[in-house]
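# Report on the structure
Listed below, chain by chain, are the residues.
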Amino acid sequence: MFTREMMEKQQTWLYVAALFAGAWIGLSALESGNMIHQAVSPILAVLLYSMFVQIPFLELKASWMNLRFMSALLVVNFIVVPAVVWLLTFLLPQSPAVLIGVYLVLLTPCIDYVIVFTQLGRGNERLVLAATPVLLVVQMLLLPVYLWFFLGTDAARMMQAGPFAEAFLFLIVIPLLLAVLTQILSKRNVTGQRVLNVTAWLPVPMMALALTAVVASQIGKVYHELGTVLKVIPIYAAFLIIMPLISRIIAKLFQLDTGAGRTLIFSAVTRNSLVVLPLALSLSPEWASIAAAVIVTQTMVELAGELIYIRLVPNVILRDQKVERG
């Protein structure tokens, strides 16, 4: 009999298949990219609802009170990451159109599917869920500052808060409220409990569907800007290698427990690509296509990296601490 546990054990291979399926669909029907792109946000919303509904929200108060984790999270995402990104772009210089795409995506920590990967990587998804509003507000405030510092005042003026707020409402707030409502109903009647049980099956297939949709809808842009894309891959690869190591050190400095340390690592490496993509597309035409291709490339590099990290982080980078018996 096929069980949920069996599906979860094979999820990595399912995600790899989803990436290849998305690439095949997107390249075999390039004109379908825009249509598929419209489905990405609804799919992510369902995915996040299925994740939220499994989280005991009554315990989130304790997560808010974890000041060590919150402090480490802010240090990593808004001090360490900008420094690393500046260093990487200094060592691997790019054109302004490419740089604005790189800065948009790498300077903004993820507020949505990082929760999924944190859970898959055996981190504490409740911590990153509790930190979501903080991450959103701080990145909205600081992104124009970073862009002004790195690129000048003209680039900073191009940024608007609308896409961030829209993503937060439709990808976080609404799924979160529906998840809380589901939990309330599950305690009151049998039907609600059945719905709750069904949602436990959704995260893995919805994640696979999300990966397929993202790659299928955006790979056309990458294909048309292939020369540019190849130049930024080393930056993204270096970022994925550097940030887990630095995050592990910071987790130790802040004396975080294993689950919180893993959560810090996933927040550091997971960027806000799906939210900042509309910002790139709103730029002037000569910049928009290049910046969008650069952002989409980061998405695909990151997704490949996440599939490795959900195994590497708990088993190699930050393993469970062994309790010595006296």
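The structure contained in this document is the topic of the report that follows. Treat the numbers as computed from the prediction; the structure is a model and nothing was measured.

Now for the layout of surface pockets. Volume-wise, the largest pocket comes out at about 390 Å³. Taken together, 15 residues make up the lining of the largest pocket; nearest its centre are H37, S41, E166, L274 and P278. Those elements giving two or more residues to the lining of the largest pocket turn out to be α3 (33–52), α10 (162–186) and α15 (273–281). Of the voids in this model, the second largest pocket is the one considered here, and its volume is about 320 Å³. Residue lining of the second largest pocket: 16 residues in total, with E8, Q11, Q119, L120 and R122 positioned closest to the centre. Put simply, the parts of the chain that give the lining of the second largest pocket at least two residues each are α1 (4–9), α2 (11–28), α7 (114–120), α12 (203–224) and α16 (285–317). Tallied by class, the residues present in the lining of the second largest pocket amount to six nonpolar, five polar and five charged.

With that settled, the discussion passes to the pattern of salt bridges. Counted by the stated rule, this structure contains two salt bridges. Linking R122 and D320 is a salt bridge whose minimum nitrogen-to-oxygen distance equals 3.0 Å. Highlighted residues: R122 in the loop between α7 and α8 (125–151) and D320 in the segment after α16, separated in sequence by 198 residues. Residue R122 is classed as partly exposed on the basis of its relative accessible area, which comes to 41%. Among the ionic pairs, R262 bridges to D320, the shortest N-O distance being 2.9 Å. One end of the pair, R262, is in helix α14 (residues 258–269); the other, D320, is in the segment after α16, with 58 residues separating them in the sequence. Through salt bridges that share partners, R122, R262 and D320 make up one connected network.

This part takes up the side chain of S217. Structurally, S217 is set in helix α12. If sequence neighbours within four positions are ignored, S217 has contacts with G33, I36, H37 and V40.

Before going further, it helps to examine the packing of helix α6 (residues 96–106) against α8. Interaxial distance between α6 and α8 falls to 11 Å at its minimum, and their mutual angle equals 145 degrees. The element α6 and its partner α8 pack so that their crossing is right-handed. Listed contacts from α8 to L99, I100, Y103 and L104 of α6 are L143, L147, F150 and L151. Of the residues belonging to the contact of α6 with α8, the class tally is eight nonpolar, no polar and no charged.

Rules behind the numbers
- Residues numbered from 1 in each chain as written.
- Predicted model: local features only at pLDDT ≥ 70, side-chain atom pairs only at ≥ 80, totals over all residues.
- Heavy atoms only, no water.
- 1 Å grid on protein atoms, 1.4 Å probe; cavity = no way out; pocket = protein on both sides within 12 Å on 5 of 7 lines; lining within 4 Å.
- Points joined across faces, edges and corners; volume = space filled by probe spheres on them.
- Helix = DSSP H or I, 4+ residues; strand = E, 2+ residues; numbered from the N terminus.
- Nonpolar A, V, L, I, M, F, W, Y, C, P; charged D, E, K, R; others polar.
- Salt bridge = Lys/Arg side-chain N within 4 Å of Asp/Glu carboxyl O.
- Buried < 20%, exposed > 50% of the residue type's maximum accessible area, 1.4 Å probe, protein only.
- Contact = heavy atoms within 4.5 Å.
- Axes fitted to C-alpha atoms, helices over the stretch in contact; angles between N-to-C directions.
- Left-handed = near helix turned anticlockwise from the far one by under 90°.

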